[in-house]
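Observations on the three-dimensional arrangement
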Amino acid sequence: MTDLDLNWVLSTPALLGVAAASIAVLLTLIMKFKVHAFLALIIVSLLTAVATGIPTTQLMPTLLSGFGGTLASVALLVGLGAMLGRMLETSGGAQVLTDALIHRFGERKAPLALAVASLMLGFPIFFDAGLVVMLPIIFAVARRLGGSFLSYGFPAAVAFSVMHIFVPPHPGPVAATGLLGADVGLVLIFGLVVALPTWYVVGHLFGSYVGRKYNIPVPSILRGSTGDFTDFASAPKVGTIIALLLLPILLIFMNTGLNMAATAGLVSLEDTWVQVLRAFGETPIALLITVLLAMFLLGKRKNKSSTLIESVVDSALGPVSAVILITGAGGMFGGVLRASGIGGALAESLDAVGLPVIVAGFVIAAIIRIAQGSATVALTTTAALLQPVVMGNSTFNPVELAAIVLALAAGSVFAGHVNDSGFWLISRFFEMDTKTTLKTWTVGQALVGVVGFVIALAIYLIASLF
């Protein structure tokens, strides 16, 4: 090994120490020395890659892979979603829908109405895409009614989170279901049994608490900073706004529905018509179609100039550029930790502890999640590790298998923090500093994990009696 070939292999305790130290340095840079989160994440990612022995020839590929991989899934969604949100706001559409929600549910139940809408949106649509679509409506309601933004935004964000992590057809539970041989229909049903009470405890009850404790102003991130678009507002009909919000959901649901139908043998993914419809249901394409339709319905049809519409759409991108870059840097940090092998080393060590399968699965997934950031990686890694044990035990009934999948899912969402790109998405869109995000979102995600596991364990124990 040459002096420049940084390719040593660290033990599991050493990897744990490096991971803990890197997180501590990151928090110190951001919170104490006020280094911008984007720069701090790049610096710590580079230092962590060197400390864990990633070869010098692989330093930049590793960093860029984590950064680019996250941007590939986030940048298009955030950019297109911000455009849609800006169109809804400047056209008066967000205000129209806000008035309708408040009229239907009343001011006191407005946060609950937003959260229920988010739970429904969260069934077919991913966490980040769904949140971006809902944000302009949440902002409008919060501005109308006043109080801390967390009272409105936190319950809705938790709604998207629990649906994403517990309920198929989202990728994590689907992958774990396949690896452990569980029935996807049962996982979906019991996933809802876990997700809904978990949202009530964390999103509603804990969300009400953080809303009272932390007075966060309504963010201005989707308002833009250039131009005066007050003459753009033309009071579109509430039905038009609802249709624009439902369109991407229906397109995405068509994609996931066809995938599930193919799994059940009802259609073939080789058929041209299936491939075309699935392409329209890909999230970026669904959002692109919706943005183009919004430009026509909210602008062109109201005889607004092309220049004004272009300015409105362009004004959406500036404010969210920081969100996109910081989220990508968070993905870079998580990617370095994954490349270091810390997840696999932890999993192998914990597998030897001898806990019951459902408890061991939760603990392993939670620790891997804390160590490297990605919920999907934590869930699939743990499921792959436990696969021989679960598949080799013919005594597990179908409900027990579904409960094990959900316990792993609960562990994989536990305590998302600075190495998770979703943490930075919430921090920047909610315009909260890192310390406040840790006290609210990270604690909330820990509660989601614990409450979800308790419910999954109860399902498992009840099923084991039969």
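Heads up: these notes are all about the structure in this document. All figures in this text were calculated on a predicted structure; none of them were measured in a lab. (Residues numbered from 1 in each chain as written. Predicted model: local features only at pLDDT ≥ 70, side-chain atom pairs only at ≥ 80, totals over all residues. Heavy atoms only, no water.)

**Examining the overall build of the protein chain**
Formally: Helix numbers and strand numbers start at the N terminus; a helix is a DSSP run of H or I with at least 4 residues, a strand a run of E with at least 2. Here the globule rule reads 2.2 Å times residues to the power 0.38, and the radius of gyration is calculated from C-alpha atoms. Any residue under 20% of the maximum accessible area for its type is buried, any over 50% is exposed, and the rest in between are partly exposed; the area is computed with a 1.4 Å probe on protein chains only. Contact definition: two residues touch when any of their heavy atoms are within 4.5 Å.
For the protein chain, the count of helices and strands is 19 helices and 0 strands. Here the C-alpha atoms of the protein chain give a radius of gyration of 22 Å, agreeing with the 23 Å that 2.2 N^0.38 yields for 466 residues. Its C-alpha atoms put the protein chain at 65 × 60 × 50 Å along the principal axes. Buried residues in the protein chain amount to 54% of all 466 residues. Put simply, 82% of the contacts in the protein chain that link residues at least 6 apart link residues at least 24 apart.

**What about the environment of L63?**
Mapped onto the elements of the fold, L63 is located in helix α3 (residues 59–90). Taking C-alpha positions, L63 is 13 Å from N419, a pair spaced 356 residues apart along the chain. Leaving out residues up to four positions away in the same chain, L63 has contacts with S45, L46, M332 and V336.

**Describing unusual backbone geometry**
In the Ramachandran plot, A415 falls in the positive-phi region, its phi being about 55° despite a non-glycine side chain. Within the secondary structure layout, A415 lies in the loop between α17 (398–412) and α18 (421–429). By relative accessible area, A415 is classed as buried at 11%. Positive phi, close to 55°, is recorded for E431, a residue that is not glycine. Assignment of secondary structure puts E431 in the loop between α18 and α19 (434–463). Its relative accessible area of 42% is what places E431 among the partly exposed residues.

**A word on the packing of aromatic side chains**
We count it as follows: Any two of the Phe, Tyr and Trp rings considered here, Trp counted by its six-membered ring, make a pair once their centres fall within 6.5 Å; the pair's planes then place it as stacked at under 30 degrees, edge-to-face at over 60, or tilted in between.
Under the definition given, this model contains 10 aromatic pairs. Ring centres of F154 and F206 lie 5.7 Å apart, and the angle between their planes is 65°; this geometry places the pair in the edge-to-face category. Of the two residues, F154 is situated in helix α7 (residues 150–166) and F206 in helix α9 (residues 184–213); the sequence distance between them amounts to 52 residues. Per residue, the accessibility class of F154 equals that of F206, and both read buried.

**Section: helix α4 (residues 93–105)**
So the rule is basically this: One less than the residue count of a helix, multiplied by 1.5 Å, gives the span that helix is expected to have. When we speak of the arc, we mean the arc of directions from the helix axis to the C-beta atoms.
In this model α4 runs 18 Å from its N-terminal to its C-terminal C-alpha over 13 residues, within 8% of the 18 Å that 1.5 Å per residue would give. Listed as buried for α4 are G93, A94, L97, T98, L101 and I102. Down the axis of α4, the buried set is contained in an arc of 165°. They therefore lie on one face. Phi turns positive, to about 90°, at G106, one or two residues after α4.

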